[in-house]
Amino acid sequence: MQEAFVNLNGIPTHIITWGKWIEESLNDVQELVICITGNPGLPGFYTEFGGALQQELSSDGQNLPVWVIGHAGHDDPPEASIREVPQLSGNEELFNLGGQIAHKIDFIKKYVPRHVKIHLIGHSIGAWMILQLLKEQEIRDRIKKCYMLFPTVERMMESPNGWLFTKVAMPLYSVFGYVFFNLFNWLPVWIRIFLIQIYFLIFAIPNHYVGTALKYTKPSVAEKVVFLADDEMGRVRGLQRDLVEEHMHLLKFYYGTTDGWVPVSYYNQLKLDFPQVDAQLDSKGIAHAFVLRHSKPMASIVSKMIQQNLH
């Protein structure tokens, strides 16, 4: 595993890779895997998934590099770094959905040579971003297959979690969020870690994500995560049927059965509207935020999908 911050669309961005690093020569590589995260878009939450996926693919003799890219502004560089993420105020266009899509386009154009075909994984809002990327011919021509995991590609505000976010969480954040995150970050780091560990214990989240969670609680990061989520509620409305129909041969959908963001009814409607669509319903009880507790089983599922579409 290798990781570093690189400038994309003017923003220092955390990239994590397995196999070839993004700046290594890809002359001998024909295909690679890129994962666009959900929201919050901190690649640190995807380390177990990315590592397990690359291992699964390697065990079958497929030495595909696996790269994970998070979202602009969701992960600050180390304090010693000379790079700084711009503040949200006055730079909203860098951190909203439009900015995040431009950020991913910059990454692909900058680091993926034209001869390399991409297996593009989109988790949650990452799947919606993939649909937008498919509008760009230069990107679309490089894509081998898209794997849309727990895809928030429609009616986000109407989902149970969308209702909670807009009616409960967002009003609370607008009143108390700034104060809460600033107070939390005034605490000594050992107390912050201890409180996160208690939360992880209650919700059975592995402790190796504590460092990433600590970054997530920084006020400058939390505000950009919430800002993007709020933009999602307003923009991700009806399914972009024309994009799904035009690119159906490139799309593989994977829906959960206990997903508060993407109810099973959305899967049923998709199958009804597009009988030929390649869409699968989870049978293993994997949660929407699969990276927290179900990284390895999800990696195994995605590895099989990719193997079916190699060469």
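Per-chain numbering applies: the sequence of each chain, read as written, is numbered from 1 onward. In view of the model being predicted, local features appear only for residues whose pLDDT reaches at least 70, and side-chain atom pairs are presented and counted only at 80 or more, with totals across whole chains, interfaces and linings using the full set of residues. Hydrogens are left out, water is left out, and the side-chain values use all remaining heavy atoms of the structure.

Caption draft 1: Spotlight on the pairing of strand β3 (residues 31-36). Note on exposure labels: buried denotes an accessible area under 20% of the residue type's maximum, exposed denotes more than 50%, and partly exposed covers the range between, all computed with a 1.4 Å probe on protein chains only. Put simply, DSSP marks the helices as runs of H or I at least four residues long and the strands as runs of E at least two long, and each gets a number from the N terminus on. Most of β3 is tucked away, with 6 of its 6 residues classed as buried. Side chains Glu31, Val33 and Cys35 project from β3 onto one buried face, and the interleaved Leu32, Ile34 and Ile36 project onto a second face that is buried too. DSSP calls a pair of strands paired once it identifies at least 2 bridges connecting them. Pairing analysis gives 6 bridges linking β3 to strand β5 (residues 117-123), with the strands arranged parallel. Its bridge partner lying in β5, Cys35 is registered against Ile121.

Caption draft 2: The arrangement of the pattern of salt bridges in detail. Salt bridges are identified by distance alone: a Lys or Arg side-chain nitrogen within 4 Å of an Asp or Glu carboxyl oxygen. For the structure shown, the criterion picks out 11 salt bridges. Here Lys215 and Asp75 are joined by a salt bridge, their closest N and O atoms 3.2 Å apart. Of this pair, Lys215 sits in helix α8 (residues 210-216) while Asp75 sits in the loop between β4 (66-69) and α2 (92-95); the two residues are 140 residues apart in sequence, bridging distant segments of the chain. Classification of Asp75 by relative accessible area gives buried; the value is 3%.

Caption draft 3: Inspection of the nonpolar core at higher detail. Nonpolar core, defined: a set of buried Ala, Val, Leu, Ile, Met, Phe, Trp, Tyr and Cys residues in which side-chain atoms within 4.5 Å join the residues together. Among the nonpolar cores identified, the biggest contains 59 residues, and Ile34, Trp67, Phe107, Leu120 and Met148 are the most heavily contacted of them. Aside from chain neighbours lying at most four places away, what touches Phe107 is Leu8, Ile15, Ile22, Ile34, Trp67, Ile69 and Val112. With 38 residues, the next largest nonpolar core counts Trp18, Val66, Ala213 and Leu310 among its residues. Note on contacts: a residue pair is in contact if any heavy atoms of the two residues lie within 4.5 Å.

Caption draft 4: Quick look at the sheet that holds β3. Pairing in this open sheet of 8 strands is mixed, and the strands run β1-β2-β4-β3-β5-β6-β7-β8 from one edge to the other. In this open sheet, the two strands that pair with only one neighbour each are β1 (2-8) and β8 (279-281). Ignoring which end each strand starts from, the neighbouring axes of this sheet average 20° apart. Where strand β7 (residues 251-255) and β8 come together, 3 bridges link them in parallel fashion. Bridge pairing in β8 links Phe253 to Ala279. Against the sheet, helix α4 (residues 125-133) makes contact with β3, β5, β6 (143-149) and β7, and its axis sits at roughly 140° relative to β5, the strand it touches most. Against the sheet, helix α11 (residues 264-273) makes contact with β7 and β8, and its axis sits at roughly 145° relative to β8, the strand it touches most. Lines fitted to C-alpha atoms define the axes, with helix axes restricted to the stretch in contact, and inter-axis angles between N-to-C directions lie between 0 and 180 degrees.

Caption draft 5: Summary view of helix α6 (residues 160-186). Given the number of residues in a helix, its expected span is that number minus one, multiplied by 1.5 Å. Helix length check: α6 (27 residues) gives 34 Å between terminal C-alpha atoms against 39 Å at 1.5 Å per residue, more than 12% under. At every residue, the bend is computed as the angle between two fitted axes, covering the seven residues ending there and the seven beginning there respectively. Along α6, the largest kink reaches about 65° and is centred on Phe176. Within α6, burial applies to Gly162, Phe165, Met170, Gly177, Phe181, Asn182, Phe184 and Asn185. Residues of α6 that are buried in the fold lie against α7 (189-202) and α9 (219-235).

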